[in-house]
Each structure stands twice: as structure tokens, then as C-alpha cells.
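Listed below are the residues making up each chain.
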Amino acid sequence: DMGEEIGKRIAKCNAVLNRMHLFWVNSNCNKQFKLRVYNSVIRSKLMYGLGSAQLNPAHIRRLETFHLKGLRKYSISQPHTDKESRVRKEHKGVC
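Thresholds applied
- Residues numbered from 1 in each chain as written.
- Predicted model: local features only at pLDDT ≥ 70, side-chain atom pairs only at ≥ 80, totals over all residues.
- Heavy atoms only, no water.
- Helix = DSSP H or I, 4+ residues; strand = E, 2+ residues; numbered from the N terminus.
- Buried < 20%, exposed > 50% of the residue type's maximum accessible area, 1.4 Å probe, protein only.
- Phe/Tyr/Trp six-rings, centres within 6.5 Å; stacked < 30°, edge-to-face > 60°.
- Axes fitted to C-alpha atoms, helices over the stretch in contact; angles between N-to-C directions.
- Parallel < 35°, antiparallel > 145°, perpendicular 65-115°, else oblique.
- Left-handed = near helix turned anticlockwise from the far one by under 90°.
- Contact = heavy atoms within 4.5 Å.

S.K.: I'd love a proper account of the environment of L63, names of residues and values included.
M.R.: By the secondary structure assignment, L63 is in helix α4 (residues 57-73). Classification of L63 as buried rests on a relative accessible area of 0%. Taking the C-alpha atoms as reference, L63 lies 8.0 Å from L46; in sequence the two are 17 residues apart.

S.K.: Break down the packing of aromatic side chains for me, with residues and values.
M.R.: The relative placement of two aromatic rings is captured by the distance of their centres and the angle of their planes. Across all of its chains, the model carries four aromatic pairs by this definition. Between F23 and F33, the ring centres sit 6.4 Å apart and the planes meet at 70°, which makes this aromatic pair edge-to-face. One end of the pair, F23, is in helix α2 (residues 21-26); the other, F33, is in helix α3 (residues 31-47), and ten residues separate them in sequence. Residue classification places F23 among the partly exposed positions, given a relative accessible area of 22%. F33 sits in the partly exposed class, given a relative accessible area of 33%. When the ring of W24 is compared with that of Y74, the centres are 5.8 Å apart and the planes differ by 25°; the resulting orientation is stacked. With a gap of 50 residues between them, W24 in helix α2 and Y74 in the loop between α4 and α5 (86-90) connect regions that are remote in the sequence. The pair W24 / Y74 is uniform in exposure class, with both members buried. An aromatic cluster of three or more residues is present, and its members are F23, W24, F33, Y38 and Y74.

S.K.: Talk me through the packing of α3 against α4; I want residue IDs and the actual numbers.
M.R.: Put simply, α3 and α4 touch, their axes get as near as 12 Å, and they point 155° apart. In terms of orientation, α3 and α4 fall into the roughly antiparallel class. Crossing hand, α3 versus α4: right-handed. Counting all contacts with α3, which are made through L35, Y38, N39, I42, R43, L46 and M47, the residues of α4 involved are L63, F66, H67, G70 and L71.

Listed below in C-alpha cells is the structure:
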């Protein structure tokens, strides 16, 4: 079931986020670098292989929620200017 798979991915990514806590909080790196690390480590782990998955709106909402909470938790988000999220854009036409 895709819901279970997404739940497992979120749990794994959350564990990695927590292990990297010292990096997020105490490093002297700028937000841009932290965002690149987040995208390389967390986001790629979360999204790997989902490009061809049949995701319904609830699945996408769960992925978006985790992604945005992770960015906000460590204050590494950039201003979001358009209404359509990056997760939704990657899965356009799949849902």
C-alpha cells in the first residue's frame, strides 16, 4: 500500500533529520547551504522512486506536510512564492 510506503519513508527521513540536529542548529553554514544539504539528503531520500508512483491527493499532502515541517523546524526554508508546491509539480499528471 502506498500510504504505508510513504509512512515508512517519512519515519526514516525524520530519523535522519533528528540525527542531523547538531548540524542544523549549531553549524555556521548559511541557509542556502543548509537547504542544499536538506535537498540532497532528506528530500532525495523521501522522494526517490516516487516519480512513477500513483499518488493521490492525500499522499501528496502528507509528503508536502513533512517536507515543509522539516524546513520550518530548522529555519532553512526559502520564501515560497508560487502556490503550487515542488512536490506537486514533480507529480503533475501522475495523480
